[in-house]
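This is what each chain is made of:
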Amino acid sequence: MLIPSVLACFLSTPYWEVSFVAAFDYEPYISAAQTFEILFGDSWQYVWPVIVIAVTQTFAAALIMSTIDRHFRTGKLSLSSPWRMINNSIFPIAIGIVVMSVLSIVWRFLLFGLVMLVQVSASAMGLPAYAALAAISVVSIALFILHVIIITPMLFWAPIMFIYGYRFRDAAAASFKLISGKKIFRSMFLPILICAVVQLLMGYLQVHYAIAVAVNFAVFLFTNGYITVFTMLTFYEISGLDRRDIKPYQATPLPTVYKKSEQPQASPEQNVASDSAADVHDGGKTDKQDKKLDKTEPKKPRRNPAPKSDGKKTAAKKPVNKSEQSKIKGKTVSEKRKPDTTADGEEGNNGI
């Protein structure tokens, strides 16, 4: 965009449909011929400056759009084979620039008519000059906003035609459907409005010619580059096309790592949901498995229950003498059918 910006800064003035107000030199009550010369005096009174600027801008925009398109599709930024890339998109871009140039001429005539209406009305009401200039400024800004709104869908004609392969009529219809409901105008209009205000300020300050040319060059370079790049980026975004220049780790967000002290605590509702999800994942066999685990676990030895006390005092056991002990032992051994030993030491034959 350097060559078109260098040529345009000498042959034309950017945003003249807004900055022409400074050319009145605080005297809005002038003739219709003088007003027409102010509105069309920058480059429209001659044909060749407009043609030169339009042709150079067409080639530069075609090169930039094709380079960006190849970069998005392949992930590699390269300016190899520039003529091939220009040939890929120059025809759709040329159609859009021709249509926008014709619209700009019609828009200048509309602006001329409204400015003349304000001049005649303000003169008839006897308003001071600054009031008439303020009214003309409001009209020019309002028409500038409306002009940008109308041009916005035209910017997407070229990418729709050389990427999708649509014809001109189909691309014109698809552009309105493509940007409907999208907040494209807001993000694009603010930088353009700043450039228009800068140009209007340079006109009121009446700076030196060299400074005016330098500012014109910067404004042309920024506007041409910004609009071209903005169109391609917005087209790929609202169309949902895949971009190879974006790496996978840039497209997907990285997981958040928490410290132990910063880990979010789960609410009771989340814990209940996680437990139910675990039950479903186990196939509803959690209770059965728990029962099996209970069976396999070693049983704890049972303790003998303490004797229940019935509230009565138990009698104290009487001492048993040795003869009685021997008789008790003899009975227990005879029940087992084994020879026992009596208290005298002899073997008994009770169990034989």
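Parameters at a glance
- Residues numbered from 1 in each chain as written.
- Predicted model: local features only at pLDDT ≥ 70, side-chain atom pairs only at ≥ 80, totals over all residues.
- Heavy atoms only, no water.
- Helix = DSSP H or I, 4+ residues; strand = E, 2+ residues; numbered from the N terminus.
- Buried < 20%, exposed > 50% of the residue type's maximum accessible area, 1.4 Å probe, protein only.
- Contact = heavy atoms within 4.5 Å.
- Areas by Shrake-Rupley, 256 points an atom, 1.4 Å probe, with all protein chains shown as cover.
- Expected span 1.5 Å × (residues − 1).
- Bend = angle between axes of the 7 residues up to and from the residue.
- pLDDT = per-residue confidence, 0-100.
- Patch = residues over 30% accessible without salt bridge, like charges linked within 9 Å, V, L, I, M, F, W, Y side chains within 5 Å.
- Salt bridge = Lys/Arg side-chain N within 4 Å of Asp/Glu carboxyl O.
- Core = buried A, V, L, I, M, F, W, Y, C linked by side-chain atoms within 4.5 Å.

A few words now on the overall build of the protein. From N to C terminus, the protein includes 14 helices and zero strands. Mapped from its N terminus to its C terminus, the protein presents α and β elements in the order α-α-α-α-α-α-α-α-α-α-α-α-α-α. Buried residues in the protein amount to 34% of all 352 residues. Sequence separation of at least 24 residues holds for 76% of the intrachain contacts in the protein that already meet a minimum separation of 6. About 24300 Å² of surface is accessible on the protein, with carbon and sulfur atoms providing 62% of the total.

It is worth spelling out helix α10 (residues 209–239) at this point. For α10, with 31 residues, the first-to-last C-alpha span of 44 Å sits near the 45 Å given by 1.5 Å per residue. At the C-terminal side of α10, Gly240 shows a positive phi close to 75°.

Its 44 residues place the ends of helix α5 (residues 82–125) 60 Å apart at the C-alpha level, agreeing with the 64 Å of an ideal helix rising 1.5 Å per residue. At Ile90, α5 shows its largest kink, close to 45°, and the proline Pro92 lies no more than four residues downstream. Backbone geometry just after α5 places Gly126 at a positive phi near 70°.

For the protein, per-residue confidence averages 75 on the pLDDT scale, and 69% of positions sit at 70 or higher. Residue range residues 276–320 is modelled with pLDDT below 50. Its contacts to residues more than four positions away, or to other chains, number three contacts. In this model residues 326–352 is a low-confidence stretch, pLDDT under 50, and it forms 12 contacts with partners more than four residues away in sequence or in other chains.

In this section: a nonpolar patch on the surface. There is a patch of nonpolar side chains on the surface, built from Leu2, Ile3, Leu7, Tyr46, Trp48 and Val52 and spanning about 620 Å² of accessible area. Among the secondary structure elements, those contributing two or more residues to the nonpolar patch are α1 (2–11) and α4 (48–74). In terms of residue count, the dominant contributor to the nonpolar patch is α1 (three residues). Residue Val52 is classed as partly exposed on the basis of its relative accessible area, which comes to 30%.

What follows deals with the nonpolar core. Judged by nonpolar contacts, the single largest core of 63 residues is most densely connected at Phe20 and Phe144. With 13 residues, α5 is the largest single contributor of residues to this core. Each residue touching Phe20, except ones within four places of it in the same chain, is listed here: Ile38, Leu39, Leu111, Val115, Ile136 and Ser140. Membership of the second largest hydrophobic core comes to five residues, among which are Ala8, Cys9, Ile53 and Val213.

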